[in-house]
Amino acid sequence: MWTTFRSRSLWTRGGEREGTMLENVNYNLMETITIISRSLHRYENYARDASESDCRSCREIWRKIAEQREMELEMLLSELHSHINTRKLALKKGQGRLFDKLDQARALFPELEGRTIKVGVSERSDGLASTDEWAIWFRSRNVSFYVIGHELTHLLQGGRGVPEGERSCDLFTLARDQLFCDAAPGYLDLPSTVVTHNGWVRIGRRYMLHHIAKEALEERDKGRRNYIKWFEQEVKRFASKMY
Ligand SMILES: [Zn+2]
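Residues numbered from 1 in each chain as written. Predicted model: local features only at pLDDT ≥ 70, side-chain atom pairs only at ≥ 80, totals over all residues.

Looking at the overall build of the chain
So, step 1. The number of helices and strands found in the chain is seven helices and four strands.
So, step 2. Reading the helices (α) and strands (β) of the chain from amino to carboxyl end gives β-α-α-α-β-β-β-α-α-α-α.
So, step 3. Buried positions account for 28% of the 243 residues belonging to the chain.
So, step 4. Within the chain, residue pairs in contact and separated by at least 24 positions form 54% of the contacts whose partners lie at least 6 positions apart. (Helix = DSSP H or I, 4+ residues; strand = E, 2+ residues; numbered from the N terminus. Buried ≥ 20, exposed ≤ 12 C-beta atoms within 10 Å, placed from the backbone. Contact = placed C-beta atoms within 7 Å.)

A closer look at the confidence of the model for the chain
So, step 1. Across the chain, pLDDT averages 83, with 85% of residues at or above 70.
So, step 2. Segment residues 6-21: pLDDT under 50, and 14 contacts once partners within four positions in sequence are set aside and those in other chains are kept.
So, step 3. Counting contacts from residues 87-92, a segment whose pLDDT is below 50, to residues more than four positions away or on other chains yields eight contacts. (pLDDT = per-residue confidence, 0-100.)

Thoughts on the packing of helix 4 (residues 145-154) against helix 5 (residues 166-176)
So, step 1. Contact geometry for helix 4 and helix 5: axes closest at 9 Å, N-to-C directions at 115°. At the point where helix 4 passes helix 5, the crossing takes the right-handed sense. On helix 5, the residues that touch Tyr146, Gly149, His150, Thr153 and His154 of helix 4 are Cys169, Asp170, Phe172, Thr173 and Arg176.
So, step 2. Grouping the amino acids of the contact of helix 4 with helix 5 by side-chain chemistry returns three nonpolar, five polar and two charged. (Axes fitted to C-alpha atoms, helices over the stretch in contact; angles between N-to-C directions. Left-handed = near helix turned anticlockwise from the far one by under 90°. Nonpolar A, V, L, I, M, F, W, Y, C, P; charged D, E, K, R; others polar.)

Section: helix 4
So, step 1. Burial analysis of helix 4 places ten of its ten residues in the buried class, which makes it a mostly covered element.
So, step 2. Along helix 4, the residues that are buried comprise Phe145, Tyr146, Val147, Ile148, Gly149, His150, Glu151, Leu152, Thr153 and His154.

Structural notes on the environment of Trp200
So, step 1. Take Trp200: it is sitting in the loop between helix 5 and helix 6 (206-221).
So, step 2. In sequence terms Trp200 and Tyr146 are 54 residues apart; their C-alpha atoms lie 9.7 Å from each other.
So, step 3. Setting aside residues up to four positions removed in sequence, Trp200 forms contacts with Asp182, Ala183, Ala184 and Val195.

Regarding the pairing of strand 4 (residues 135-138)
So, step 1. Relative to strand 4, strand 2 (residues 117-121) runs parallel, the two being bridged by four bridges. By the bridge assignment, Gly120 is partnered in strand 4 with Trp137.
So, step 2. By the bridge criterion, four bridges tie strand 3 (residues 127-130) to strand 4 in an arrangement that is antiparallel. By the bridge assignment, Ser130 is partnered in strand 4 with Ala135.
So, step 3. Taking the residues that link successive antiparallel strands as the turn, the strand 3-strand 4 hairpin has four residues, and the phi of Trp134 there is positive, at about 50°. (Pairing = 2+ DSSP bridges.)

Spelled out as structure tokens, the structure:
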């Protein structure tokens, strides 16, 4: 499913997976992460129901609750990562972690199922994609989910379901899953109440971005041409009410 460029042996997927005996502490974290992730999906549906019934205040209640749960989720995830990292980093300088992230991201792209994608190193930019050879490149192994999602979304452009252009690539990435809302999208204009100066999406704002991005795609389906602008305005409008 993943292959690497031969000239860059550092990026081959080496080593075997570690034993899978789960300690209780990790199991507890993972179970709670699953429960909260499921409830986030539920709130998303509730918010959509509220939108359909034209109840703005109801929709905002569900978003607020979702944001609180999202903060709990971030807390649990970073704890879990710290458990995993200390072992993995010692194992192979972050390489295992990159491929774990790629696997996690790819599971959210059923369109790419069965397709082998080359992964390589780019010195030129944070991320690159080529639809000609089904290849993606990253500058660093410690890449954000946003960058991974953005490059995988590029593979779906060119008549493969996603319209051309960097801005639509960003929006479709955010709309795909909340996972990809960790770092600030490079081509969308978002207020500083949502993104930090060093390029991350603030905790508690990720769910909102994902949800509004999905709404923007629904607007596009209904025929709205300026759905990307609509997204930026809607994020600004919503963010201005939060502080
Ligand atoms: Zn791009």
